[in-house]
Amino acid sequence: MAKGNLKNESKKVSKESNPKKLPNLSAPENTIRLLEYLKKHTDKAHPLRSVKDVQKEFNDKELHFGSDNTIRKFYRNIADAYNLDEEQHPLPQQHWRIVYDGYVKLYGDGEEEEGLSGEDDSDEWEEDREKFSNLYYVQEFSYEEIDALIEAVQLSRTLSEEETEHIISTLEEKFTSKYYRKGARRVCKINGKGCCEKDTLRENLLTIQQAIMDGVQITYRFNGYNRDKKLAPMRDYKRYASPYYIVANDGRYYLMAANEAHKDEGAYIVRIDLMTEVEIPERNEKSGKKGIPAIPKREVAGLPREWDENFSMQHVNMSYGAPVSITIRVKNKKKEDGCTPIDPVYTFLHDYFGDTYRFVRVDENDPDYDIVTVTCTSFGMENFAMQYADRMEVLSPPELREKIRDKVKALAERYRD
């Protein structure tokens, strides 16, 4: 073909690829827009079948990205940027952000993605015969994780309604595609009873977390609410504590800590929203001194070396003390056969103990009661048994039963006419 004919042919192709003479975008603009399109219009269940769909989408908006092959090259470059390490070696497929059939075939871990197509030649990059079908962006969080994050934000006591709405909107806008099904957004918050200022709570949490990370002690002033509905110090001095775990339970934050005077008795639990003037003493960032070293965990009686997710179930209402095995009788009326319960009545146990309680047997002396065991602190069970006295009875250990009996006697005396 003559040189002049080649030039004319080139003009013809250029004209056909941009029939409306739309403005061409710069390379950075192309990259950003094409990436954002993938993020918003695709996921694993809804891949892009052909880049022609992208071309049409932006042509309708009077934006021109070049030919289909140009778009494919951009997506290949974006995939390389996300999916290759510093030495240009492919990352494990589970860490990829951009996935499509050709990339899986070239660099995949050996197992093709479900739905990988090798039949559709209409969307093939002729330069290296690389398939661009089933193209999608892998979001940073799964939709289930987004749901969990939104739930956590909604339940946070350190965020205002406006901050909550902003964070949720950002999560949905930046980390989901249009196929994400929004969950309940208008969850009504209950006013945080007895909670200090959100900014103070936030600062307390940050300071305590820093001390835990650095393995140093904190000082703080512990407070209670007075009749004027204001926080007031419990004593006129600041306390020292070695912090170990921040615990979130029922909308409140607690600190599990210990001090030198009582470390042999075990760790104690303190509400963080009742703490003020939280500081890390003797900390000097210029000299590199982090603070006073915390008491090693091994020196604190009963302190878990690693966090136990069953903690709140073994320390009902964040009660202190070492958990023990407790046997109780639970009222559970049966049908005439003496075995089949009339109604499911274990909800109150499940609310506090999750699935950690254990049914042992039906009470031999009274079939309308079940024998059940739980693991909990003695102090926590004292108050729990009083709260649900109409539904249960503590059988053992005997010393716990005796403590409850004394409380009941004192209560009966107080309410005597």
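Conventions used here
- Residues numbered from 1 in each chain as written.
- Predicted model: local features only at pLDDT ≥ 70, side-chain atom pairs only at ≥ 80, totals over all residues.
- Heavy atoms only, no water.
- Helix = DSSP H or I, 4+ residues; strand = E, 2+ residues; numbered from the N terminus.
- Buried < 20%, exposed > 50% of the residue type's maximum accessible area, 1.4 Å probe, protein only.
- Areas by Shrake-Rupley, 256 points an atom, 1.4 Å probe, with all protein chains shown as cover.
- Contact = heavy atoms within 4.5 Å.
- Phe/Tyr/Trp six-rings, centres within 6.5 Å; stacked < 30°, edge-to-face > 60°.
- Lys NZ or Arg CZ within 6 Å of the ring centre and 35° of its normal.
- Pairing = 2+ DSSP bridges.
- Core = buried A, V, L, I, M, F, W, Y, C linked by side-chain atoms within 4.5 Å.
- Axes fitted to C-alpha atoms, helices over the stretch in contact; angles between N-to-C directions.
- Salt bridge = Lys/Arg side-chain N within 4 Å of Asp/Glu carboxyl O.
- Expected span 1.5 Å × (residues − 1).

**Quick notes on the overall build of the chain**
Part 1 of the argument: Of regular secondary structure, the chain possesses twelve helices and 14 strands.
Part 2 of the argument: The buried share of the chain, reckoned over its 417 residues, is 37%.
Part 3 of the argument: Of the roughly 26,000 Å² of accessible surface on the chain, a fraction of 49% belongs to carbon and sulfur atoms.

**Notes on the environment of Ile326**
Part 1 of the argument: As for its position among the elements, Ile326 is in strand 11 (residues 323–331).
Part 2 of the argument: Residue Ile326 is classed as buried on the basis of its relative accessible area, which comes to 0%.
Part 3 of the argument: As for Ile326 and Val372, which are separated by 46 residues in sequence, their C-alpha atoms are 8.4 Å apart.
Part 4 of the argument: When neighbours within four sequence positions are excluded, Ile326 is seen to be in contact with Val372, Thr373, Val374, Cys376, Thr377, Met381, Val394, Ser396, Pro397 and Leu400.

**What about the side chain of Asp363?**
Part 1 of the argument: Mapping Asp363 onto the fold places it in the loop between strand 12 (358–362) and strand 13 (369–377).
Part 2 of the argument: Given a relative accessible area of 10%, Asp363 falls into the buried group.
Part 3 of the argument: Dropping the residues within four chain positions of it, Asp363 is found in contact with Arg329, Tyr369, Asp370 and Ile371.

**Let's talk about the packing of aromatic side chains**
Part 1 of the argument: Taken as a whole and assessed by the stated rule, the structure comprises 16 aromatic pairs.
Part 2 of the argument: Judged by centre distance (5.4 Å) and plane angle (55°), the ring pair of Tyr143 and Tyr180 falls under tilted. Placement of Tyr143 in helix 6 (residues 143–155) and of Tyr180 in the loop between helix 7 (161–175) and helix 8 (198–214) is noted, with a sequence separation of 37 residues between them.
Part 3 of the argument: Under the relative-accessibility criterion, Tyr180 is labelled buried at 9%.
Part 4 of the argument: Aromatic rings pair up to connect Trp96, Tyr100, Tyr103, Tyr107 and Phe132 into one cluster.
Part 5 of the argument: Seen from the ring of Tyr369, Arg329 lies directly overhead, with NZ or CZ sitting 4.0 Å from the centre.

**Section: the pairing of strand 12**
Part 1 of the argument: Strand direction decides the pairing type here: strand 12 and strand 13, joined by four bridges, are antiparallel. Residue pairing across strands places Val362 opposite Asp370, the latter belonging to strand 13.

**As for the nonpolar core**
Part 1 of the argument: Within the largest apolar cluster, 26 residues are counted, with the highest numbers of intra-cluster contacts made by Leu34, Leu38, Val54, Tyr75, Ile98, Tyr100 and Leu135.
Part 2 of the argument: Elements supplying a minimum of two residues to this core: helix 2 (27–41), helix 3 (52–60), helix 4 (68–83), strand 1 (98–99), helix 5 (101–107) and strand 4 (136–137).
Part 3 of the argument: Ignoring sequence-local partners within four residues, the contact set of Tyr75 consists of Leu34, Tyr37, Leu38, Val51, Val54, Phe132 and Leu135.
Part 4 of the argument: Counting residues in hydrophobic clusters, the runner-up holds 19 residues, among them Ile328, Phe348, Met381 and Phe384.

**Some remarks on the sheet that holds strand 14 (residues 392–396)**
Part 1 of the argument: Pairing is antiparallel in the open sheet, where four strands are placed in the order 12-13-11-14. Two strands lie at the open edges of the sheet, namely strand 12 and strand 14, each paired on one side alone. Within the sheet, the average angular offset between the axes of one strand and its neighbour, ignoring direction, is 35°.
Part 2 of the argument: Sheet analysis places strand 11 next to strand 14, joined by four bridges and oriented antiparallel. Following the sheet pairing, Thr327 is matched in strand 14 by Ser396.
Part 3 of the argument: Docked against the sheet, helix 11 (residues 378–387) engages strand 11, strand 13 and strand 14, running at close to 135° with respect to strand 13.

**Examining the pattern of salt bridges**
Part 1 of the argument: In this structure the tally under the stated criterion is 20 salt bridges.
Part 2 of the argument: A salt bridge links Lys52 to Asp68; its shortest N-O distance comes to 2.7 Å. Here the residue Lys52 occupies a position in helix 3, and Asp68 occupies one in helix 4, the gap between them amounting to 16 residues.
Part 3 of the argument: With a relative accessible area of 43%, Lys52 lands in the partly exposed category.
Part 4 of the argument: On the accessibility criterion, Asp68 (16% relative accessible area) is buried.
Part 5 of the argument: Between Arg271 and Asp273 there is a salt bridge whose closest N-O contact spans 2.9 Å.

**A short note on helix 2**
Part 1 of the argument: Taking 1.5 Å per residue as the helical rise, helix 2 with its 15 residues ought to reach 21 Å, and the 21 Å between its terminal C-alpha atoms agrees with that figure.
Part 2 of the argument: Every buried residue belonging to helix 2 is among Asn30, Leu34, Leu35, Tyr37, Leu38 and Lys39, and all of these are buried.
Part 3 of the argument: Residues of helix 2 that are buried make contact with helix 3, helix 4, strand 1 and strand 4.

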